[in-house]
Amino acid sequence: MTHRKLKKEIMIGVVLLFLCVIISSLCFVILHFFQDKPNEKPLTEEQILVNKGITIKEKTNFIDEANSLLDKGYSPDEINQIYEYMSDQNIEQILANNYVDLSPFYQISNFDFSKIDRYLAYQSANGLEMKDAVTRVNLNLDEPFYQTVETITDPGSITVLVNKSHALPADYVPEDLVNIPSFPSLQIKDDAVDDFEKLLAAAKLDNVYIIPYSTYRSYDYQNRLYTNYLGRDPKEVVDTYSARPGHSEHQTGLALDVRSSSHWDNLTDADYEWMLNNSYKYGFIVRYPKNNSTITGYQEEPWHIRYIGVEHATKVHELGITYDEYYDLYLTKH
Ligand SMILES: [Zn+2]
C-alpha cells in the first residue's frame with residue numbers, strides 16, 4: 001500500500017466517522033422531539049402523595065388528612081391500611097392523637113380506637129386472639145360484671161341486647177304484649193308469637209313437647225325474684241343464675257323459659273338437642289349456651305330461649321357465637 005493510498009483511506013474514515021456522529025445526533029434530536037415532553041408544571045399535592053405510594057380516596061379533606069398522618073409518622077402503607085379498614089369515627093380519633101401502632105387492628109371490623117389500651121392489656125393478660133379481645137372489651141368483659149352499665153335506648157327492638165352491661169329502663173313495658181294462643185296465661189311480644197307457635201308445632205312433629213313456663217316479666221317482678229334469691233345464696237352466686245332487675249331479657253317480652261312435658265323447669269337432654277339444632281329456624285336462640293359464662297355472665301341455661309328473628313338467629317347459629325358477641329360484631333356501629 002502506498003503512502004498516498006493510506007492517506008486517502010484515513011480521510012474517508014474520518015468523513016464516515018463524522019457522518020455517523022451527525023446522523024446519531026439527528027436521531028437523538030428527532031427521538032427526543034417525539035418523546036412525551038416532561039411535565040414542566042410543579043406536581044400537585046395529590047401527585048406527591050401518589051408518588052409516595054398512597055392510594056387516593058374520594059373523601060373530602062383526604063389530602064390534608066393523609067399529610068397530617070404522614071406528619072405524625074404513619075408510613076404510606078399504614079395510611080392505606082387505615083383508609084381501607086378503619087371507620088370514619090376511628091379515623092377522626094387517629095387524626096386527633098399521636099402516632100399509634102395500629103397493625104394488630106387493621107382487619108378487625110369492630111375496633112374502636114378509644115379502647116386501644118384496654119384491648120392491648122386484655123389481650124396480653126388473657127392470651128386471646130386480638131379479634132376476640134376486641135369483642136370482649138367492647139362488651140366490657142375486661143371489667144367486673146355490672147361495673148359499666150348503659151341504659152338501652154331501643155328496648156322495643158327485636159334485636160335489643162340486654163345483659164349485665166346493658167339495662168332496660170325500670171319503667172319499660174313492651175307495648176305489644178299478647179297472650180300465647182297455646183298457653184293463654186302467658187304473654188310475649190307480638191313480634192315473636194307466630195314464630196313461637198311455629199316452633200311448638202315443628203317440635204311436636206318431632207315428638208318434642210315444649211311447654212313455656214316463664215315469659216314476660218316486669219321490672220318489679222324481676223326485682224322480687226332477685227331479692228328472693230339473695231335470701232338463699234350470696235350475691236356472687238345469685239348473679240350467676242339470676243339477672244338483676246332491668247338486666248333480664250324477660251322484661252323485653254322476647255325471652256321464654258321452656259321445659260319438657262316430663263320436667264318441671266328444664267328440657268330433657270334430647271329436647272335441648274332439638275332446641276339447639278332447630279330453634280333458629282323459627283327465630284329463637286338458646287341465649288346462655290354452655291362454656292360461655294365468661295361472656296354471657298350466666299351458667300348454661302338450656303331452658304332460656306330468646307327471639308331475635310329468623311335472619312339473625314340463623315346467623316348466630318351458623319357462627320356458633322353468643323348473642324352478645326354477635327350484637328357487637330354485626331349490629332353495633334363502630
Ligand atoms: Zn329465663
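No experiment lies behind these values; they were computed from the predicted model shown.

Calculation rules
Residues numbered from 1 in each chain as written. Predicted model: local features only at pLDDT ≥ 70, side-chain atom pairs only at ≥ 80, totals over all residues. Helix = DSSP H or I, 4+ residues; strand = E, 2+ residues; numbered from the N terminus. Rg over C-alpha atoms; globule rule 2.2 N^0.38 Å. Buried ≥ 20, exposed ≤ 12 C-beta atoms within 10 Å, placed from the backbone. Contact = placed C-beta atoms within 7 Å. Pairing = 2+ DSSP bridges. Axes fitted to C-alpha atoms, helices over the stretch in contact; angles between N-to-C directions. Domains from an automatic or database assignment. Parallel < 35°, antiparallel > 145°, perpendicular 65-115°, else oblique. Left-handed = near helix turned anticlockwise from the far one by under 90°. Nonpolar A, V, L, I, M, F, W, Y, C, P; charged D, E, K, R; others polar.

Colleague: What is the right way to read the overall build of the protein from this model?
Modeller: Each helix and strand in the protein was counted, giving 14 helices and 8 strands. Compactness check: the protein gives a C-alpha radius of gyration of 35 Å against a globular reference of 20 Å for 334 residues, more than 25% above the reference. Each principal axis of the C-alpha distribution contributes one length, and for the protein these read about 130 × 45 × 35 Å. With 334 residues in all, the protein has 30% of them scored as buried. Sequence-distant contacts, at least 24 apart, represent 57% of the contacts inside the protein between residues at least 6 apart.

Colleague: I would appreciate a short explanation of the sheet that holds strand β7 (residues 284–288) in the present structure.
Modeller: The strands making up a sheet associate through hydrogen bonds between their backbones, and the pairing can be parallel or antiparallel. The 4 strands are arranged β5-β6-β8-β7 in an open sheet whose pairing can be described as antiparallel. In the strand order of this sheet, the two ends are held by β5 (210–214) and β7, each with one partner. Between one strand and the next, the sheet's axes are offset by a mean angle of 45°, whatever the strand orientation. The sheet contact formed by strand β6 (residues 255–260) and strand β8 (residues 301–307) spans 3 bridges and is antiparallel. Across the sheet, Leu256 pairs through a bridge with Ile305, a residue of β8.

Colleague: Explain the domain arrangement of the protein to me, please; I cannot follow it from the model alone.
Modeller: Often the size quoted for an interface is simply the accessible area lost on bringing the parts together. Domain parsing of the protein yields domain 1 (45–138) and domain 2 (150–330). The centre of domain 1, based on its C-alpha atoms, is set 38 Å off from the matching centre of domain 2. On the side of domain 2, 4 residues touch domain 1, which itself brings 4 residues to the contact.

Colleague: How should the packing of helix α6 (residues 116–126) against helix α7 (residues 130–138) be read in this particular structure?
Modeller: In helix packing, the relevant descriptors are the interaxial angle and the interaxial distance, both defined with respect to the helix axes. At a minimum axis distance of 9 Å, the contact between α6 and α7 shows a crossing angle of 120°. By the angle between their axes, α6 is oblique relative to α7. In the crossing of α6 with α7, the sense of the turn from one axis to the other is right-handed. Packed against α6, whose contacting residues are Arg118, Tyr119, Tyr122, Gln123 and Asn126, the element α7 presents Met130, Ala133, Val134, Arg136 and Val137 at the interface. Of the residues that constitute the contact of α6 with α7, the class distribution is 6 nonpolar, 2 polar and 2 charged.

Colleague: What exactly am I supposed to notice about the pairing of strand β4 (residues 183–189) here?
Modeller: Remember that side chains alternate between the two faces of the sheet whenever the strand is regular. Here strand β3 (residues 177–180) runs beside β4; their pairing, made up of 4 bridges, is antiparallel. Considered in β4, the bridge of Val178 is made with Ile188. Hairpin connection from β3 to β4: 2 residues lie between these consecutive antiparallel strands.

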